[in-house]
Structures are given as structure tokens and as C-alpha cells.
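Residues per chain are reported as follows:
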Amino acid sequence: MSNPYRIDEDITLTGFTGRAHRPGDDRYDELRRALNPAVDARPALVAEAYGMADVRSALLAARAHGVPFAVQATGHGTHAGAEGGVLVRTTPMASVLVDPVRRIARVGPGARWGHVIAAAAPFGLAPLSGSAPDVGVTGYTLGGGLGWLARRHGFAADSVLRAEVLLADGRHVTASPDSHPELFWALRGGGGGFGVVTSLEFRLHPVSQVYSGFAYFPIEVAGELLEAYRTWVDTAPDDLSTAVVLRRMPDEGPLAGRHVAQLKVVHAGDEAEGRRLLAPLLRAAGPALLDETRTTTYADTAMGGTPIRHMSMLEEVPGEVVDVLVAAAEQAQTVEVRHWGGAMSRPGPDAGPVSHRRTRLSVIVDTPVPGLAEALRPYDNGGTFLNFLADTGRTAAAWSEADHARLREVKRAYDPDGFFRVGHVVER
């Protein structure tokens, strides 16, 4: 099929110092791919940017040719591709600067959480990072950012202090409480459809050690564990973040091939207190098959995530839902129930439009399970979370009606012709 957006191979990217890759080039296929295998777009040009001027050059080229434009660092948040357009890879722009006195990090658009964690750890500081160190900082944060310290310190977006942004017309502006405040508000949970963030500054938090890890139990006690969990969360302090996961273990390892109920724990406090708080859950589940919880540095805490094929946001987990989830675990590889709340549900007066802050629990399933969505619908609050949403047709569901209306005003002000239109973007 001919490419409707074909870019002449002799196009000049004015001021571009990076590397441009076109179909047929050695690294083109490697660089165009997203983490989601369902996204198989073939851009006309993949531009590896080494600095802001390179990003602007690629943006202006896309404008001149009237083709789609998209930005990708790691591909974790790519749910739609720039088919026939220009894809900018910001991976080389991975700078991380930490100011330990002010407890602030400033990062480039290609930085990953592992880079920030390593730079902050020597000072006893931690970012509000996600479940895996290879996730990109910028896309994660613009989508809200739900990490394992979020119950204590809020969403990653809540810690943002400043952003440098390349707008659709090529202007480069600073978004902060005092400069372009409406854009600053929108970026903190509204996604990347307002401009290209070329630098992000955010708070770090004084967390050096945590009690964290996993405890595994026979799948036969999944119902009892979830029954205890659904009421236990009401008493959990903000320092404690947990999830109950029903999963099939990999074919290698100490529990190879076993179907288990797993308790995930991150306690920003000491181990004795953490175990005391978890005691009701441990009693309900009985003896563990394997207990891998321990005191460790935050930098060495790797919680892992669950690929999302279904997500429900719930206020409660009644007994009927427990039965549905235990049944779903027979067909899915992983079913995860995670506790939200804490500082996430108590935003400051100037907080951005992060998705549905009042949600108490989420259910994430990594495998399509027939009838699951229908069974959970009566208990679902109808919302979703931008970082966890693959369906770009449901983007608006990530925000309240009031926030969505305000986001549309910001979109019209900063991207009046809808140049940023790939992925999760707000309609004008």
C-alpha cells in the first residue's frame, strides 16, 4: 500500500543534529516499535533527537508536510502510532540533575525512572516512580503517575514544579504556577497532547529504605485473602501500599508454574511495624508458600506491573466481586486488586487534572476474560486512569466532566489547529 503521507527522502530537517531513520534503514524497525505489540505503525521518518532544537526541527517538518507527529521515549505509553508521519525518539535526551538541598530533580524527555532513582538514592531521596525502572519519566508523569509511594506522597504529577514545553507553533515556553499557569495545570495529569515536554522539574522525597516485596500463598486461599483485604484497606495508613494479585507463576523459579495468591507490599517505614499492620491479611491467608518481603533500599525495590487488558475502578469490593475475580483468575494469567486512596485522594488546591482521585481500589486483568467487564460494571465507578488506558477512544473517561471541559479550553488555546492528535489527546 502506498504511503499517503510520504515524505521525500531528501527533506532537510533544518538545524537537526540527531539521526534520521527511514523505512529500509538498519534501525528503523527497532526505533519505530512501541512496547505494545498491537501498535505497528510505520512512520515515514523516525528522528532521534539529541536536544530541543532537534525536536523543533522534526515538529516543523511534520507541520510543513501536514503529517502526523508523535514523541516516544521508551514506548510504554504508546497506544497509537504516527502512521506515515514523523516519530521523534527522545531516548538520547536522558539527562538527570538532582539538587539534594532543594530536593528537586530536573530531567530530559528521554530519562527513565531508573536513572532518577540512581541519582537521588545517594542523598536519601526518592522520586514518585512507577513499578519498573525502565519506564519513561515524562510520559508517566503527564498521565498522572501512580507509584508505590503515591499513598504517602500523591501522584507523580502532583510533585511537578516546572516544565519546558515546545508548542505546536514551534515556540518554546516555561509552564509553571507563574508562567502559562493553565498549561501547567493541564500537563499535570492531562497527558501529552498540549506540547512536547523537553524538560521536567519535580520534587524528590526523603525515602531511603522501605519494607517491601512479595508473599505468596496457595491459590485456594485467594477468596479468603480478598475477603480480608476488602475491609482491611479501610485501616491501612498512608505509609503502606499494597495489592493482592492472583497469578500463574513463570515456568522457572521456586514456585515454577504454580497458581498463587500474591501479596505485594511497600511500607515506607520499618519492618516490624509493616508486619504488624499486615497481620490480619497474613492470618486470613495462612502459612506462606514463600515470603520475599524484606527491608531494602528504595532503589532496590522492584515491584513489577500487570499488563492491562481490562481495568475497573471501584469504591468497594463486595463479596460478589470477590467471587467474580477468583473465577476470572482461572482464565487470566494475572488479576490484580490494588489499594489507592491516601494522599492521592487529598489533592492540593492547585492540583492538576489527575484521573478520578477518589477511587479506592482498581482491578487490572492482563488477559481478555469473556463476561468480566459486564460482571464488574455494576460496581465500577465508570472512570479510568490515563496511564493504564490503551483505548484512545475512551480518553475523555480519564477525567471528570469539569476537568475535561477545562482541558478542552487549554487545548484550544495552545494547539488551536489540533496538530498534536496521536494517542491520548483532548479534543478541542
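Residues numbered from 1 in each chain as written. Predicted model: local features only at pLDDT ≥ 70, side-chain atom pairs only at ≥ 80, totals over all residues. Heavy atoms only, no water.

Looking at an unreviewed UniProt entry, one finds the protein named FAD-binding oxidoreductase and attributed to Nonomuraea bangladeshensis. As stated in UniProt under Sequence similarities (unreviewed entry), the record for the protein gives "Belongs to the oxygen-dependent FAD-linked oxidoreductase family." Taken directly from UniProt, the Cofactor (unreviewed entry) text for the protein runs: "FAD". (UniProt positions renumbered as here; feature names shortened; annotations may be inferred.)

This next bit is on the nonpolar core. Ranked by size, the top nonpolar core spans 53 residues in total, and within it V165, L183, L187 and F202 carry the most contacts. The element contributing the most residues to this core is helix α6 (residues 181-187), with five residues. Beyond its immediate sequence surroundings of up to four residues, L183 is in contact with V165, L167, V173, A175, F194, V410 and Y414. If you look at the next biggest cluster of nonpolar residues, it comprises 39 residues, including F217, W232, V321 and V335. (Core = buried A, V, L, I, M, F, W, Y, C linked by side-chain atoms within 4.5 Å. Buried < 20%, exposed > 50% of the residue type's maximum accessible area, 1.4 Å probe, protein only. Helix = DSSP H or I, 4+ residues; strand = E, 2+ residues; numbered from the N terminus. Contact = heavy atoms within 4.5 Å.)

Attention now goes to the pairing of strand β2 (residues 45-48). With burial as the criterion, each face of β2 is covered, one bearing L45 and A47 and the other bearing V46 and E48. Where strand β1 (residues 19-21) and β2 come together, three bridges link them in antiparallel fashion. Residue pairing for β2: A20 is matched across the bridge by A47. Strand direction decides the pairing type here: β2 and strand β4 (residues 86-89), joined by four bridges, are parallel. Each bridged residue has a counterpart across the sheet, and for L45 the counterpart in β4 is V86. (Pairing = 2+ DSSP bridges.)

Next up on the list: the layout of surface pockets. Gaps left between atoms show up when a probe the size of a water molecule is rolled over them. Volume-wise, the second largest pocket comes out at about 300 Å³. R309, H310, M311, L389 and R394 are, among the 16 residues lining the second largest pocket, the residues nearest its centre. Here the element with the most residues in the lining of the second largest pocket is strand β15 (residues 310-314); it accounts for three residues. When its residues are assigned to classes, the lining of the second largest pocket shows six nonpolar, five polar and five charged. (1 Å grid on protein atoms, 1.4 Å probe; cavity = no way out; pocket = protein on both sides within 12 Å on 5 of 7 lines; lining within 4 Å. Points joined across faces, edges and corners; volume = space filled by probe spheres on them. Nonpolar A, V, L, I, M, F, W, Y, C, P; charged D, E, K, R; others polar.)

With that settled, consider unusual backbone geometry. In the Ramachandran plot, R103 falls in the positive-phi region, its phi being about 55 degrees despite a non-glycine side chain. Tracing the backbone through its elements, the reader meets R103 in the loop between β5 (96-99) and β6 (104-107). With a phi close to 50 degrees, H180 is a non-glycine residue in the positive phi region. We classify H180 as partly exposed; its relative accessible area is 24%.

A word on the environment of E292. Residue position: E292 is located in the loop between β13 (290-291) and β14 (294-297). Judged by its relative accessible area of 34%, E292 falls in the partly exposed class. Once the C-alpha coordinates of E292 and K264 are considered, the two residues, 28 residues apart in sequence, prove to be 9.7 Å apart. Ignoring anything within four residues of it in the chain, the contact list for E292 reads S212, G213, F214 and Y216.

All right, on to the environment of L255 then. Residue placement: L255 occurs in the loop between β11 (240-248) and β12 (259-267). For the pair L255 and E315, spaced 60 residues apart in sequence, the C-alpha separation works out to 33 Å. Sequence-distant contacts of L255, that is, excluding residues within four places in its chain, are made with Y216, M249, P250, V260, L289 and L290.

Here the focus is the pattern of salt bridges. Here the structure, examined in full by the defined rule, presents 23 salt bridges. Notably, a salt bridge pairs D29 with R32, separated by 2.8 Å at the nearest N-O pair. Highlighted residues: D29 and R32, both in helix α1 (residues 28-32), separated by three residues, approximately one helical turn. The buried category is assigned to R32, whose relative accessible area is 7%. The partner of R275 in a salt bridge is D291, with the nearest N and O atoms 3.4 Å apart. (Salt bridge = Lys/Arg side-chain N within 4 Å of Asp/Glu carboxyl O.)

In space, the five strands of this open sheet follow the order β5-β6-β9-β7-β8, with antiparallel pairing throughout. The open sheet is flanked by β5 and β8 (172-175), the only strands paired with a single partner. Geometrically, the sheet is characterised by an average inter-axis angle of 15 degrees between neighbouring strands, direction not taken into account. In terms of strand pairing, β6 meets strand β9 (residues 196-203) through four bridges, oriented antiparallel. Across the sheet, A105 pairs through a bridge with F202, a residue of β9. In the packing of helix α2 (residues 52-65) onto the sheet, the strands contacted are β7 (160-166), β8 and β9, and the crossing angle to β7 comes to about 50 degrees. Each of β5, β6 and β9 is contacted by helix α3 (residues 113-120), which is oriented at about 35 degrees to β5, the strand it contacts most. (Axes fitted to C-alpha atoms, helices over the stretch in contact; angles between N-to-C directions.)

With that out of the way, let us pick up the sheet that holds strand β3 (residues 69-72). Spatial ordering of the open sheet is given by β1-β2-β4-β3, a layout of four strands whose pairing is mixed. Pairing within the sheet leaves two strands with one partner each, and these edge strands are β1 and β3. Averaged over neighbouring strand pairs, the angle between their axes works out to 20 degrees when direction is ignored. α2 rests against β2, β3 and β4 of the sheet, and its axis sits at about 170 degrees to β4.

Burial within strand β17 (residues 361-365) is extensive, with five of its five residues counted as buried. Here β17 shows two buried faces, one formed by L361, V363 and V365 and the other by S362 and I364. Note that β15 and β17 share five bridges and pair antiparallel. Among the inter-strand pairings, M313 is bridged to a residue of β17, identified as S362. The pairing of strand β16 (residues 334-339) with β17 spans five bridges and is antiparallel. Paired with H339 across the strands is L361, a residue of β17.

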